[in-house]
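The lines below spell out each chain.
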Amino acid sequence: MTDDLLQDLWLHQNPDVAVNTLTIRADRVTVHAATTGDEAGCPSCGTVSTRVHSSFVRRLDDSAAGGRRVVVELRVRRFRCRERACPRATFVEQAAGLTFRHGRRSQGL
């Protein structure tokens, strides 16, 4: 499959998420993706930050495809809040339409 087709099939609702690879097994489909935005807003104070602290992979269950479980392995970044008065020193970016805070399922599921 081409990269454009993968992007259209999986996560087409969010231009800030890029699909890297797709792994299909007998019982599971794994979508390997990453966020691509340059900045994120702090959920506490709303300050936009570009300072990346670290990154990690979130594993999200998604709607089944062809009778197989679908798992999205999404690389997200943790940002530093620039506002000194904000009680939150770091925060994790959210992919609109796909993730929500502390969620282990996609919003579509």
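For the structure, check the block above.
Engineer: When you look at the layout of surface pockets in this model, what are you seeing that I'm missing?
Structural biologist: Any empty space left between the atoms is revealed when a probe the size of a water molecule rolls over them. Within this model, the largest pocket holds a volume of roughly 400 Å³. Forming the boundary of the largest pocket are 24 residues, of which R58, F91, V92, E93 and Q94 lie nearest the centre. Listed by contribution, the elements that provide at least two residues to the lining of the largest pocket are strand 3 (40-41), strand 5 (52-65) and strand 7 (90-92). It is strand 7 that provides the largest number of residues to the lining of the largest pocket, a total of three residues. Residue classes in the lining of the largest pocket are distributed as eight nonpolar, eight polar and eight charged.

Engineer: Help me out: how do you make sense of the pairing of strand 1 (residues 17-24) in this one?
Structural biologist: One face of the sheet, then the other: side chains in a regular strand alternate in exactly this way. Where strand 1 and strand 2 (residues 28-35) come together, seven bridges link them in antiparallel fashion. Bridging across to strand 2, A18 finds its partner in A34.

Engineer: How should I be thinking about the packing of aromatic side chains in this particular structure?
Structural biologist: The description of two aromatic rings rests on the distance between their centres and on the angle between their planes. Summed over the entire model, instances satisfying the criterion amount to one aromatic pair. Centre to centre, the rings of F79 and F91 are 6.0 Å apart; their planes meet at 20°, and the pair counts as stacked. A residue pair is termed long-range when its members are at least 10 positions apart, and F79 in strand 6 (residues 68-80) and F91 in strand 7 qualify at twelve residues. Here F79 and F91 have matching classes, each one buried.

Engineer: What should I look at first to understand the environment of V31 in this one?
Structural biologist: Within the element layout of this structure, V31 appears in strand 2. Remark: the alpha-carbon pair of V31 and V71, spanning 40 residues in sequence, is separated by 6.2 Å.

Engineer: Where do I start with the side chain of R58 in this structure?
Structural biologist: Tracing the backbone through its elements, the reader meets R58 in strand 5. One buried charged residue, R58, forms no salt bridge at all, with the nearest opposite charge on E93 at 9.0 Å. One polar contact links R58 to Q94, side chain to side chain, over a distance of 3.2 Å.

About the cut-offs
Residues numbered from 1 in each chain as written. Predicted model: local features only at pLDDT ≥ 70, side-chain atom pairs only at ≥ 80, totals over all residues. Heavy atoms only, no water. 1 Å grid on protein atoms, 1.4 Å probe; cavity = no way out; pocket = protein on both sides within 12 Å on 5 of 7 lines; lining within 4 Å. Points joined across faces, edges and corners; volume = space filled by probe spheres on them. Helix = DSSP H or I, 4+ residues; strand = E, 2+ residues; numbered from the N terminus. Nonpolar A, V, L, I, M, F, W, Y, C, P; charged D, E, K, R; others polar. Pairing = 2+ DSSP bridges. Phe/Tyr/Trp six-rings, centres within 6.5 Å; stacked < 30°, edge-to-face > 60°. Buried < 20%, exposed > 50% of the residue type's maximum accessible area, 1.4 Å probe, protein only. Lys, Arg positive; Asp, Glu negative; His and termini not counted. Salt bridge = Lys/Arg side-chain N within 4 Å of Asp/Glu carboxyl O. Polar contact = N/O pair within 3.5 Å; in protein donor to acceptor, adjacent residues only side chain to side chain.

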